[in-house]
Amino acid sequence: MRRLTIFMVLFLASQSFAQLNSYSANDLDSLQYTEKRPVVFFINTDWCSKCLAMENKVLKSQDISELLNEKYYLVLLNAEGTDDIVFKGKRYVYEASGVNEGKHQLAMQLAKKDGTVAFPSTVIMVGNSVVYKNNSFITREELKTVLDEVLLL
């Protein structure tokens, strides 16, 4: 009986989150060639608890994940990632600032707002234009409103 209860709890918990598709920034150019969609960059770091909470509670919520999967390309971009990224014909690299410290050029460029960078950052692009930028936690309701409005552009 105990195993059945544990199984049911785990099963129900897994059903509250939908599958969230994400893409590499390196793949965006070819994806856009196949099907043009707005791009959502979710810029985070491994140490950011608000980033993790937003990813798990907002991005993976049923309605948001379905909308992102169907109408957007989502890029989960680690601001401290070390892989080179080629985006819109330009190469972006990790810039070390110390031992095991540094930031990725693309993440910093996208996340910068009013001269500062904070995490999590959510950036939405349509074509070559940034149409939305937020450098803080966004609720599910706020993000849903923004995503719906971008689709009307």
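Coordinates for the structure precede this section.
Note that this is a predicted model, so its numbers are computed, not measured.

**Q** With reference to specific residues and values, describe the sheet that holds strand β1 (residues 39–44).
**A** Backbone hydrogen bonds are what pair the strands of a sheet, in a parallel or an antiparallel way. Across the sheet, which stays open at both edges, the 4 strands sit in the order β2-β1-β7-β8 with mixed pairing between neighbours. Pairing within the sheet leaves two strands with one partner each, and these edge strands are β2 (73–78) and β8 (129–134). Ignoring which end each strand starts from, the neighbouring axes of this sheet average 20° apart. Sheet topology places β1 next to β2; 6 bridges connect them, and they run parallel. If you follow V40 over to β2, its bridge partner there is L74. Where helix α3 (residues 49–59) meets the sheet, its contacts fall on β1, β2 and β7 (121–126), and the angle it forms with β1 comes to roughly 145°.

**Q** Account for the layout of surface pockets, naming residues and giving values.
**A** Take a probe with the size of a water molecule and roll it over the atoms, and the empty space left behind shows itself. If you add up the space inside the largest pocket, you get close to 170 Å³. What lines the largest pocket is a set of 14 residues, and nearest its centre among them are S24, L76, L77, D83 and I85. No other element matches the 4 residues that β2 contributes to the lining of the largest pocket. Each residue belonging to the lining of the largest pocket can be placed in one class, and the counts come to 6 nonpolar, 6 polar and 2 charged.

**Q** How would you sum up empty space enclosed by the protein? Please name residues and give values.
**A** Across all of its chains, the model carries 1 cavity of 30 Å³ or more by this definition. Roughly 60 Å³ of internal volume is contained in the largest cavity. Lining of the largest cavity is provided by L28, D29, Q32, V39, F87, K88, M125 and G127. Residue composition of the lining of the largest cavity, by class: 4 nonpolar, 2 polar and 2 charged.

**Q** How would you summarise unusual backbone geometry if you had to cite specific residues and measurements?
**A** With an omega of -5°, the peptide bond between F119 and P120 qualifies as cis. Looking at the secondary structure, you find P120 in the loop between α5 (105–111) and β7. Even without a glycine there, the phi angle at K88 is positive, about 55°. The exposure class of K88 is partly exposed, given its relative accessible area of 39%. Of note, the phi angle at N100 is positive, near 55°, even though the residue is not glycine. Structurally, the position occupied by N100 is in the loop between β5 (94–98) and β6 (101–104).

**Q** Describe the packing of aromatic side chains, listing the residues and the values that go with them.
**A** A complete count under the given rule lists 3 aromatic pairs for this structure. For the pair Y23 and Y73, a centre-to-centre distance of 5.3 Å together with 90° between the ring planes defines the contact as edge-to-face. Here the residue Y23 occupies a position in the loop between α1 (2–15) and α2 (28–34), and Y73 occupies one in strand β2, the gap between them amounting to 50 residues.

Thresholds applied
- Residues numbered from 1 in each chain as written.
- Predicted model: local features only at pLDDT ≥ 70, side-chain atom pairs only at ≥ 80, totals over all residues.
- Heavy atoms only, no water.
- Pairing = 2+ DSSP bridges.
- Helix = DSSP H or I, 4+ residues; strand = E, 2+ residues; numbered from the N terminus.
- Axes fitted to C-alpha atoms, helices over the stretch in contact; angles between N-to-C directions.
- Contact = heavy atoms within 4.5 Å.
- 1 Å grid on protein atoms, 1.4 Å probe; cavity = no way out; pocket = protein on both sides within 12 Å on 5 of 7 lines; lining within 4 Å.
- Points joined across faces, edges and corners; volume = space filled by probe spheres on them.
- Nonpolar A, V, L, I, M, F, W, Y, C, P; charged D, E, K, R; others polar.
- Buried < 20%, exposed > 50% of the residue type's maximum accessible area, 1.4 Å probe, protein only.
- Phe/Tyr/Trp six-rings, centres within 6.5 Å; stacked < 30°, edge-to-face > 60°.

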